[in-house]
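# Chains, contacts and geometry: an overview
This is what each chain is made of:
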Amino acid sequence: MTDTVLLTGITGFLGGHIALELLNRGYSVRGSLRNPGVDGARAQALRETLQKAGGDVSRLETVTLDLMSDAGWEAAADGARFMIHSASPFVTSMPKDPDQLVRPAVEGTERAMRAAEEAGMARVVLTSSTAAIVYGRGPGRPDHLGSDDWPDPAEGRLSAYALSKNLAERRAWELAGDPARLAVINPGFIVGPLLDNDPGTSGAIFQRLLRGEFPMMPRLAVDIVDVRDAAALHVNALTDDAAAGKRHLSAFAGLWMKDLAAIVARAAPDYAKKIPTRQAPDWLVRLLALFDGDIRANVGELGYRPVLDSSRARRLLGRAPFAIEDSVTDMVKSIVARGLV
């Protein structure tokens, strides 16, 4: 009998790749959807997507869970040996009220951790973010950061998304009890091939680049992890004793946004003329931030590119990660091939 993993957020970009990794390694997967669709249409579409990607969907079942509702969590956790909690709200447009992201992130994590505790699960692997390590730092911010570093949310410099990841992860550690029953993956900006026609939040940024919607690129750093590496890290963390009770900063390459745009242009030469080659001066970005809330949410990170120590995640991965150019190219080519530009 194979071990069952309760996977929240299975329909997300990362969640789908985690499900595929689990199925390919012989696990049974119980994936949660917030809405299965009319007559189970979304659940069926998920099965078809994973089957097309080579997954054995005979070991896949789906359940309905909502981060903001207690309904169904106890039954979903029953009989599962592990949980991967990857479900969390993520948007490109920051809400005016941070609680729109913070509440579902924190309360969903509370429900996941309590369900795992009541079911006696061996381990929970939580998807956090490098946003809970890097973002929101003020004057004198460090040049080097590692897996055990935290920004202080009380300083008020975190965007709504970064705050949601920070507080949700802190809550998970508070509820973990025995630290060995929790492992946390902190991925950077996740890129790689799409499994379906939903580009997700990451893919949406590439779509905008390909459509020529950015006249210039801000001086912002992007710390990248391939979605296939991120999925493998989550699955490895289920049973690796060295992963227990630890955070894993998972960003194996970093570059400026303008350099990311250059890789996109090389990957899609037919769209290269639409892709910006210039970097916007910081003063212009700050000026625009006065009128654009999304820009304002990131203006504090302008010019900040610390060296990130992902050595713990490299050890957990156990192999060389995907090269950044390959990861970006795979995402761009899949967006173009699916007609999503």
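Reference entry: report on the structure contained in this document. (Residues numbered from 1 in each chain as written. Predicted model: local features only at pLDDT ≥ 70, side-chain atom pairs only at ≥ 80, totals over all residues. Heavy atoms only, no water.)

Here the focus is the sheet that holds strand β9 (residues 221-226). Pairing between the strands of a sheet comes from backbone hydrogen bonds, and it takes one of two forms, parallel or antiparallel. The three strands lie next to each other as β8-β9-β11, forming an open sheet whose pairing is mixed. Each end of this open sheet is capped by a strand with a single partner; those strands are β8 (189-191) and β11 (253-256). Sheet twist, expressed as the average angle between the axes of neighbouring strands with direction ignored, equals 40 degrees. Sheet topology note: the β8/β9 ladder contains three bridges and is parallel. Bridge pairing in β9 links F189 to I224. The strands touched by helix α8 (residues 257-267) within the sheet are β9 and β11, with β11 carrying the most contacts at an inclination of about 100 degrees. (Pairing = 2+ DSSP bridges. Helix = DSSP H or I, 4+ residues; strand = E, 2+ residues; numbered from the N terminus. Axes fitted to C-alpha atoms, helices over the stretch in contact; angles between N-to-C directions. Contact = heavy atoms within 4.5 Å.)

The full count for this structure, using the stated rule, is two aromatic pairs. Ring plane angle 80 degrees and centroid distance 6.4 Å describe the contact between Y27 and F82, whose orientation is recorded as edge-to-face. In this pair, Y27 is assigned in the loop between α1 (13-24) and β2 (28-33) and F82 in strand β4 (residues 82-85), connecting sequence segments 55 residues apart. Positioned above the aromatic ring of F322 is the side chain of R228, whose terminal nitrogen or guanidinium carbon lies 3.9 Å from the ring centre. In this structure, R247 packs its charged tip against the face of W150, placed 3.6 Å from the ring centre. (Phe/Tyr/Trp six-rings, centres within 6.5 Å; stacked < 30°, edge-to-face > 60°. Lys NZ or Arg CZ within 6 Å of the ring centre and 35° of its normal.)

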